[in-house]
Amino acid sequence: MTTLKVEFLTLLLAGCSSSFSVMPSIYLLNIGYNGGTVYQVNGDTVVNPQASVTLGNMVGRTALEVRIGYFSLCLRSSPGGWLCSQNATSLAENLYPYEDPINLLNVAQNFHENIVFPYLLIIAAVLSFIVFVLILPYPPLLKTVAVGVCFLSTILVLISVLWQHIASVAAANVAINLGNGTVFTGVGITAMILGWFTFGLLTLTVVGVYFFVAINALHAV
Ligand SMILES: *[C@@H]1O[C@H](CO)[C@@H](O)[C@H](O)[C@H]1NC(C)=O
């Protein structure tokens, strides 16, 4: 179970780090243009309904989409090929102004730089591996340590996944409204499921390791 968990964490972290088939589908947040369709904004708090038209004219027919992963950004300006890089500057060099008229790549890059925080997950993955080593038949003391390490790892994953979930939902909500009907955003469901699934597995592991140690202690008496 522990190896499975480390693999989920690794997959999550690697998501969007390369253009390999599955990778661009594991992302935290995506943002893109509606490809020429404008969804007119209305409501009691919309002071300037013209904003949709004005922005729509500016945006044109571009259908650029940017996906933000833990370590890199992926973009696609036409259906088909994804272009991924850890270096947003090098991605920007591939775009013409008409492809990204209101600078969504820049929005994505700032979200990635200021909000995405993969380091707790990396520490958790390392800790999970340590638990895996500690749980091998070693003295009981080490097994007690294993419970502690496993618990710590679970807390780190919880903080990390919860943080990323809330931050992504919040950013998506603000971005879509600022776009006045010209952009779409979304939270990467696969990444969220992987994150919460990892947390679930870790919680099970903590319980499992705890009982393992408790039963061993009973046998020792
Ligand atoms: C990112 O790419 C740009 C342009 O290709 C390059 O000038 C810059 O050095 C790169 N940055 C890093 C950290 O690799």
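Look up: the structure comes first, before these words.
Criteria and thresholds
- Residues numbered from 1 in each chain as written.
- Predicted model: local features only at pLDDT ≥ 70, side-chain atom pairs only at ≥ 80, totals over all residues.
- Heavy atoms only, no water.
- Near = heavy atom within 4 Å.
- Polar contact = N/O pair within 3.5 Å; in protein donor to acceptor, adjacent residues only side chain to side chain.
- Areas by Shrake-Rupley, 256 points an atom, 1.4 Å probe, with all protein chains shown as cover.
- Patch = residues over 30% accessible without salt bridge, like charges linked within 9 Å, V, L, I, M, F, W, Y side chains within 5 Å.
- Salt bridge = Lys/Arg side-chain N within 4 Å of Asp/Glu carboxyl O.
- Helix = DSSP H or I, 4+ residues; strand = E, 2+ residues; numbered from the N terminus.
- Pairing = 2+ DSSP bridges.
- Phe/Tyr/Trp six-rings, centres within 6.5 Å; stacked < 30°, edge-to-face > 60°.
- Buried < 20%, exposed > 50% of the residue type's maximum accessible area, 1.4 Å probe, protein only.
- Axes fitted to C-alpha atoms, helices over the stretch in contact; angles between N-to-C directions.
- Contact = heavy atoms within 4.5 Å.
- Arc of directions from axis to C-beta.

J.: Which residues make up the site of the ligand, and what values do they have?
T.: Looking at the ligand, the residues that line it are Asn 87, Ser 90 and Glu 93. Measuring from an oxygen atom of the ligand, one finds a side-chain N or O atom of Asn 87 at 2.3 Å. One of the side-chain N or O atoms of Glu 93 is found 3.3 Å from an oxygen atom in the ligand. Coverage of the ligand by the protein amounts to 31% of the 370 Å² it exposes when considered alone.

J.: Give a description of a nonpolar patch on the surface that names residues and reports values.
T.: A grouping of Phe 117, Tyr 119, Ile 122, Val 126, Ile 130 and Trp 163 is seen on the molecular surface, where their side chains present a nonpolar patch of about 560 Å² in accessible area. With 4 residues, the top contributor of residues to the nonpolar patch is helix H5 (residues 119–134).

J.: I'd love a proper account of the pairing of strand S3 (residues 73–76), names of residues and values included.
T.: Where strand S2 (residues 65–68) and S3 come together, 4 bridges link them in antiparallel fashion. If you follow Arg 67 over to S3, its bridge partner there is Cys 74. Two successive antiparallel strands, S2 and S3, enclose a turn made up of 4 residues. The sheet contact formed by S3 and strand S4 (residues 83–85) spans 3 bridges and is antiparallel. Bridging across to S4, Cys 74 finds its partner in Cys 84. With antiparallel pairing between neighbouring strands as the criterion, S3 and S4 make up a hairpin whose turn holds 6 residues, including Gly 80 at a positive phi of roughly 125°.

J.: Before we move on, can you summarise the packing of aromatic side chains with the specific residues and values?
T.: Per the stated rule, a full pass over the model turns up 3 aromatic pairs. Consider the rings of Tyr 96 and Tyr 98, whose centres lie 5.9 Å apart with planes at 10°: the pair is stacked. Per residue, the accessibility class of Tyr 96 equals that of Tyr 98, and both read exposed. Between Phe 117 and Tyr 119, the ring centres sit 5.3 Å apart and the planes meet at 80°, which makes this aromatic pair edge-to-face.

J.: I'd love a proper account of the sheet that holds S3, names of residues and values included.
T.: Read from one edge of the open sheet, 5 strands run S4-S3-S2-S1-S5, paired in antiparallel fashion. Edge positions in the sheet fall to S4 and strand S5 (183–187), since each of these pairs with one other strand and no more. Averaged over all adjacent pairs, the angle separating strand axes in this sheet is 15°, with direction ignored. Helix H4 (residues 104–114) rests against strand S1 (29–33), S2, S3 and S5 of the sheet, and its axis sits at about 170° to S1.

J.: I'd like to hear about the pattern of salt bridges, residue by residue, with values.
T.: Counted under the stated rule, the structure contains 2 salt bridges. For the salt bridge of Glu 65 with Arg 67, the shortest nitrogen-to-oxygen distance reads 2.7 Å. Here the two residues Glu 65 and Arg 67 agree in accessibility, since each one is buried. A single salt-bridge network, built from bridges that share partners, covers Glu 65, Arg 67 and Arg 76.

J.: Would you mind going over the environment of Gln 40 in detail, with residue names and values included?
T.: Structurally, Gln 40 can be placed in the loop between S1 and helix H2 (50–59). For Gln 40 and Thr 182, which are 142 residues apart along the polypeptide, the C-alpha to C-alpha distance reads 8.6 Å. With sequence-adjacent residues up to four places away left out, Gln 40 is seen in contact with Pro 49, Ser 52 and Val 53. Reaching out from Gln 40, the side chain makes a polar contact with the backbone oxygen of Pro 49 at a distance of 2.8 Å.

J.: Could you give an account of H2, naming the residues involved and the relevant values?
T.: Three or more residues of H2 are buried, namely Ala 51, Ser 52, Leu 55, Gly 56 and Val 59. The buried residues of H2 all sit within an arc of 125° when viewed along its axis, so they share a single face. Turned more than 90 degrees away from the buried face of H2, the exposed residues are Asn 57 and Met 58. A positive backbone phi angle near 70° is found at Gly 60, which sits one or two residues after H2.

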